[in-house]
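What follows is each chain in one-letter form.
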Amino acid sequence: MKSAISVQYLGHSCFLIVTPKAKILIDPFLTGNPKAAAKAEDVECDFILVSHAHADHYGDAVSIAKRTGATLIAVYELALHAGAQGVKVEPLGCGGGKDFSFGRVQLTIAHHTSSVEGSSGPVMLGSPVGFLIRIEGKTIYFAGDTALTMDMQLLGERKQIDLAMLPIGDHFTMGMEDAAEAVRMLKPKLTVPMHYNTFEAIQVDPGVFVREAGKHGYQVEVMQPGASITL
Ligand code: NI
Ligand code: MN
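What you see is a predicted model; the values in this text were computed from it and never measured.

Draft legend 1. How the structure looks around the overall build of the protein chain. Assigned secondary structure in the protein chain consists of six helices and 15 strands. Taking 231 residues into account, the globule formula puts the C-alpha radius of gyration at 17 Å, and the protein chain, at 16 Å, falls close to it. Taking the principal axes of the C-alpha coordinates as reference, the protein chain spans close to 50 × 45 × 30 Å. Taken over 231 residues, the protein chain has a buried fraction of 52%. Counting only contacts in the protein chain whose residues sit at least 6 apart along the sequence, the fraction spanning at least 24 positions is 59%. Within the structure as shown, the protein chain displays about 9900 Å² of accessible surface, and the carbon and sulfur contribution to it stands at 50%.

As structure tokens, this is what we get:
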């Protein structure tokens, strides 16, 4: 029997996965996030996964990694950007994965961009990605910021996804209609929506997504910031 995993939603696209072996933080945007369920200075973790360099994902990653000594896992260019600030990093390439003490992380395709603000405009930091996390016998798919993509169908055919975190906020990522189609392709046991209602531009009623996915028999759990689920 595998041990239970708890997944806590900290708001926007930030999740804290706690297993018997490690605490894994994803896309920590807490400072300046009106919906954040924790303060950056209070979060404890061993690993930080960052999907791309936009401030609403990369946000507190460097400061938390410095304070906790956590290893930051990201695509090559973003990992090196963090590494240059004195953080322990594990650079990976899209499609590549690695076994860690807690399980396996593989980078998946996301259709979006990845940049930080430079003195004369955005500076690109490699490809944005999602994550496929294999942990304690469970498979978690964190899509990152992305459009609906046929690559999701490939994941659904090849992986038994227990939990999918999908953006639904529209404007910067896929909206609810496309996210419901993503659920059909991914066939996850459970889906949690993310990347909505943090700002004016991404206001949606997640109940619509719950109904659309439900029409095809898929279960969606709308998590309030701070709430946890057990896998
Ligand atoms: Ni983004
Ligand atoms: Mn974003």
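Draft legend 2. Representation of the sheet that holds strand β8 (residues 103-109). Reading across the sheet, the six strands line up as β7-β8-β11-β12-β13-β14 and stay open at both edges, with mixed pairing between neighbours. Since the sheet does not close on itself, it has two edges, and those belong to β7 (97-99) and β14 (190-194), each with one partner. Ignoring which end each strand starts from, the neighbouring axes of this sheet average 15° apart.

Draft legend 3. Inspection of the packing of helix α5 (residues 176-186) against helix α6 (residues 206-215) at higher detail. Between α5 and α6, the shortest axis-to-axis distance is 9 Å and the interhelical angle comes to 35°. Here α5 runs over α6; the crossing is right-handed. For the pair α5 and α6, contact is made by M176, A179, A180 and V183 and by P206, V208, F209, E212 and A213, respectively. Of the residues that constitute the contact of α5 with α6, the class distribution is eight nonpolar, no polar and one charged.

Draft legend 4. Local environment of the coordination of the nickel ion (ligand 1). Those protein atoms acting as donors to the nickel ion (ligand 1) are H52 (NE2), H54 (ND1), H112 (NE2) and D145 (OD), and they sit at 2.2 to 2.3 Å. Relative to the metal, the four donor atoms surrounding the nickel ion (ligand 1) lie at angles of 87 to 179°, and the coordination shape comes out irregular. Motif for the nickel ion (ligand 1), donor spacing along one chain: H-x1-H-x57-H-x32-D.

Rules of the game
- Residues numbered from 1 in each chain as written.
- Chains lettered and ligands numbered in written order.
- Predicted model: local features only at pLDDT ≥ 70, side-chain atom pairs only at ≥ 80, totals over all residues.
- Heavy atoms only, no water.
- Helix = DSSP H or I, 4+ residues; strand = E, 2+ residues; numbered from the N terminus.
- Rg over C-alpha atoms; globule rule 2.2 N^0.38 Å.
- Buried < 20%, exposed > 50% of the residue type's maximum accessible area, 1.4 Å probe, protein only.
- Contact = heavy atoms within 4.5 Å.
- Areas by Shrake-Rupley, 256 points an atom, 1.4 Å probe, with all protein chains shown as cover.
- Pairing = 2+ DSSP bridges.
- Axes fitted to C-alpha atoms, helices over the stretch in contact; angles between N-to-C directions.
- Left-handed = near helix turned anticlockwise from the far one by under 90°.
- Nonpolar A, V, L, I, M, F, W, Y, C, P; charged D, E, K, R; others polar.
- Donors = N, O, S within 2.8 Å, 3.2 Å for Na, K, Ca; no water.
- Tetrahedral: all angles 85-135°; square planar, octahedral: opposite > 155°, others 65-115°.

Geometric values such as these leave the question of function open.
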